[in-house]
Amino acid sequence: MILFAEGSTGALVVFLIYMVGVFVLAAFSNRILKGKNFLGEYFLGSRSLGVWAFALTFAATSASGGSFVGFPSKVYSHGWVVALWIGSYMVVPILVMGLLGKRINQLSRKTGAITIPDLMRDRFNSPTLGGMATFLLVFFMTFNLIAQFKAGSIILQSLLQDEPIYQSAAAMTGSVMQHVPYFSGAESPGYLLCLITFAIGVILYTTYGGFRAVVWTDVMQGIVMVAGVIIMLPLAIYFAGGLESATEQVADMTPPNRVKVRVTAADTMNPSDRVVPFGVWLRTESTEGNKPGLVRVEQAITFQGDSNVGQLVPAPKEGSEYAIPAIEITVPSQIESIEPLAGYHAEIVKTEPYAFGAGEKNVYLNGPGPSFDHEIGFLPLSLAVSFFFMWTFSGAGQPGNMVRQMAFKGSKTLRYGILTLCFYFSIIYFPLVLVFCCARVILPGWEIYPDRIMPELAKSLTESAGFPWVAGLLVAAPFAAVMSTVDSFLLISSSAIVRDVYQRNIAPNASEATIKRMTYIATFAIGAAAMLAAVNPPKYLQDIIVFTGSGLSTSFLVPIALMLYWPRFNKIGAMLSMLAGFASYVVLYAWGYFTFNKMKAIQPGNFHPFMIAMLASLITAIVVSLLTKPSPPEMTERFFYDNKK
Amino acid sequence: MKEPKYDPVYLHATREAWVILGLFAVLLVWAMGVYYFDGYDPEATKTSVAIVLGMPRWVFWGIFAPWCFSILCTVAFVFFFMKDDDLGESLDDEAGDNNEAVQP
């Protein structure tokens, strides 16, 4: 209550309540851990997940920060076509859980496997295959963890940025940073503070509580996420004047131009009052035959000394510090209705229109959707097909999802789990498309920083509706999403190391106490290492998340699916299909990196590299298996025939 | 020698997997078909877009409608098609029973 009185937005209160809840759940899990087989309980919750826990842990793990940050920003930037981009979520629940669930669960019970590499090794009785799987898993997971830690920190920053306590803590962090050489490279004190807070929170509760804690917090996070959408949907439609009216207005919109402007302050303004913050609207000069236009600046502008020309501080590496990046609005009704900041003038010095959709109406309603970089638009047909495959089959191939399929209680849980997840995803994804199409009407001009549209809309809607404190809850949704992804990945990495490397290869006879100690140390150490790597994080955050996410499934889906369903499949086929998927995927990215000089894959025929790599893996699996000797008959008998006496 | 009998869980799971893949194929063709014929405008030449229930017509028929259809199919699958199978006891459960840790 005191915090509210100090002008806080309530976000800090929500955050603290949330963290307390997470730690209480971890403490309960740790109590349950006592008296159970340690590894089976710590990494799989003793295979006893019920319907709600199973469905929500699935939902929360697969909904990462992307679902609540990247996805809304895509709907906002490209319009209704994003409904198709995400469209295969209509079939994700039944496919991701139903395709492999029963058999993975059965085989992992039969073999006693508790990790995916474990299962592969036992299925073909091959330590080499287990070792390869462990290596690939740790390779992709490490990249992903670093990227997710960065995402967690960024979201926490946006959640807490207006809190006075946060601001003073960030200032303190800043002074500490100067004395620690490694930390001084961090992008800002606020980033570092949030990274450390986020990482320590996640690492502690994951290490302490294990899988059960992760699942229980996932359930809580799953509820937070769905509550967020249920609150936003009616508010967004209401404030946009109804869905039909919103869609009609969106139909009239034409994409903005990316521009560089020179900003001048009126001479009448006192030099000390000259400030242009981020996101301010400015009027442009009228040019010959044109009316005055409207631009929105992408960065804050300062005025040095007595100069009345605004500049960027620090100066950009390329281009002039007087050329301020901005967007120019091209929708006449918005140019008239938005009130610019008085006392300044912007002069456009460079204009870059959208590569697809510039000046055209209806582009936000139809495919392929406007795109600034791509002349073929956002979602050409081949990419639409790729994404339809990707969400479903990439989801089915995620080791994080597969591990959960080892953990449910029985096939009844699986059935009801599919149903629950089906309703859950339907409530989240399609409504989010409606919400952020309405956001185009409610909050124009966020093309300057589309990743912020979710918190900005949450703030705007709840303030307009008269209960601003709810914004804290809404902004907690993406934070919950990242947290629930990170905790599960952390556990997958540490289980791979403790079970597949240490217990099965280094010390097969280690006592339970030793294994326990190793597990705690490994979980903590991996988390801490990822946190340190995220201090100076790699660029291209979202690209890395996509790279590792679909990379994992190109390596794992085909070998796992075939080893569950095809008796003729053998060890060599499994190894080579895993390598073929991995190699073709990495080659397409590496080739793309050298061609475009950024983290972008070559896309033959405009198909996503995921599709190509998946096909390579499948063909290799079938051809190699048919050309080599079948598995020994006793192995086939054990996994495919009725062994009940 | 008598032919060995396949594990019923394997047979059920295989049948269920084929049905799921079939549903996926139907939805893929449905969504992409509507997109291609009604929602895809690669030259950005369309001057008007029909709206149904507040959505562009192609979104209503190409995404919202198959989405509802998929929910119905999932309900039918879960209640009437998918078999309840005994997935077996776990090896590590047995190990758990043997260990001497203290119960909470």
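Calculation rules
Residues numbered from 1 in each chain as written. Chains lettered and ligands numbered in written order. Predicted model: local features only at pLDDT ≥ 70, side-chain atom pairs only at ≥ 80, totals over all residues. Heavy atoms only, no water. Helix = DSSP H or I, 4+ residues; strand = E, 2+ residues; numbered from the N terminus. Buried < 20%, exposed > 50% of the residue type's maximum accessible area, 1.4 Å probe, protein only. Pairing = 2+ DSSP bridges. Axes fitted to C-alpha atoms, helices over the stretch in contact; angles between N-to-C directions. Salt bridge = Lys/Arg side-chain N within 4 Å of Asp/Glu carboxyl O. Core = buried A, V, L, I, M, F, W, Y, C linked by side-chain atoms within 4.5 Å. Contact = heavy atoms within 4.5 Å. Buried area = accessible area lost by both parts, 1.4 Å probe. 1 Å grid on protein atoms, 1.4 Å probe; cavity = no way out; pocket = protein on both sides within 12 Å on 5 of 7 lines; lining within 4 Å. Points joined across faces, edges and corners; volume = space filled by probe spheres on them. Nonpolar A, V, L, I, M, F, W, Y, C, P; charged D, E, K, R; others polar.

**Observations concerning unusual backbone geometry**
Peptide bonds are, in most cases, trans, and in most cases residues other than glycine have a negative phi.
Residue and element names in this part refer to chain A.
Part 1: Note the cis peptide between Gly367 and Pro368, where omega equals -5°.
Part 2: Within the secondary structure, Pro368 sits in the loop between β5 (344–352) and α15 (381–396).
Part 3: Even without glycine at this site, Asn125 takes up a positive phi of about 50°.
Part 4: By the element assignment, Asn125 lies in the loop between α9 (116–124) and α10 (127–160).
Part 5: On the basis of relative accessibility, which here comes to 62%, the residue Asn125 falls in the exposed class.

**A look at the sheet that holds strand β4 (residues 324–328) of chain A**
As a general point, the strands of a sheet are linked pairwise by backbone hydrogen bonds and lie either parallel or antiparallel.
Residues and elements named next belong to chain A.
Part 1: In space, the five strands of this open sheet follow the order β2-β3-β4-β1-β5, with antiparallel pairing throughout. Edge positions in the sheet fall to β2 (281–283) and β5, since each of these pairs with one other strand and no more. If you compare each strand with its neighbour and ignore which way they point, the axes differ by 45° on average.
Part 2: Pairing of strand β1 (residues 257–265) with β5, which is carried by eight bridges, proceeds in the antiparallel orientation. Across the sheet, residue Val263 finds its bridge partner in β5, namely Ala346.

**Quick notes on the pattern of salt bridges**
Residue and element names in this part refer to chain A.
Part 1: Tallying each qualifying case throughout the model produces 13 salt bridges over all chains.
Part 2: Measuring nitrogen to oxygen at the nearest pair gives 2.8 Å for the salt bridge that ties Glu41 to Arg212. Here the residue Glu41 occupies a position in helix α3 (residues 38–44), and Arg212 occupies one in helix α12 (residues 189–239), the gap between them amounting to 171 residues. Just as Glu41 is buried, Arg212 falls in that class too.
Part 3: Overlapping salt bridges, with partners in common, bring together Asp118, Asp122, Arg499 and Arg504 in one network.

**Details of the nonpolar core**
Burial of nonpolar side chains together is a common tendency in soluble globular proteins.
Residues and elements named next belong to chain A.
Part 1: Counting 236 residues, the largest nonpolar core has Leu100, Phe149, Leu379, Phe436, Phe556 and Ile560 as its most contacted members.
Part 2: Tallying contributions element by element places α12 first for this core, with 22 residues.
Part 3: The contact partners of Ile560, leaving out residues within four places of it in the chain, are Leu100, Ile104, Ile116, Met120 and Met402.
Part 4: With 17 residues, the next largest nonpolar core counts Val259, Val280, Val297 and Leu312 among its residues.

**Topic: the interface of chain B and chain A**
Part 1: The partner chain A presents 74 residues to the 69 residues of chain B that form the contact.
Part 2: A per-residue breakdown of the area chain B buries against chain A is headed by Phe24(B), Trp67(B) and Leu87(B), which together make up 13% of the total.
Part 3: In this structure, Lys102(A) and Asp85(B) form a salt bridge, with 2.7 Å as the shortest nitrogen-oxygen distance.
Part 4: Contributing elements (two or more residues each) for the side of chain B that touches chain A: α1 (8–39), β2 (55–56), α2 (57–81) and α3 (91–98) of chain B.
Part 5: Of all the elements, α1(B) adds the most residues to the side of chain B that touches chain A, at 20 residues.

**Comments concerning the side chain of Thr420(A)**
Part 1: Relative to the helices and strands, Thr420(A) is located in helix α17 (residues 411–442).
Part 2: If we skip the residues at most four places from it in the chain, Thr420(A) touches Val51(A), Trp52(A) and Ala55(A).

**Some points on the layout of surface pockets**
Part 1: Of the pockets and cavities examined, the second largest pocket occupies roughly 740 Å³.
Part 2: What lines the second largest pocket is a set of 23 residues, and nearest its centre among them are Phe393(A), Ala561(A), Leu562(A), Leu618(A) and Leu21(B).
Part 3: Mapped onto the lining of the second largest pocket, the elements with two or more residues apiece are α15, α21 (541–565) and α23 (609–627) of chain A together with α1 of chain B.
Part 4: Here the lining of the second largest pocket gets six residues from one element, more than from any other, and that element is α23(A).
Part 5: Of the residues assigned to the lining of the second largest pocket, the class counts are 22 nonpolar, one polar and no charged.

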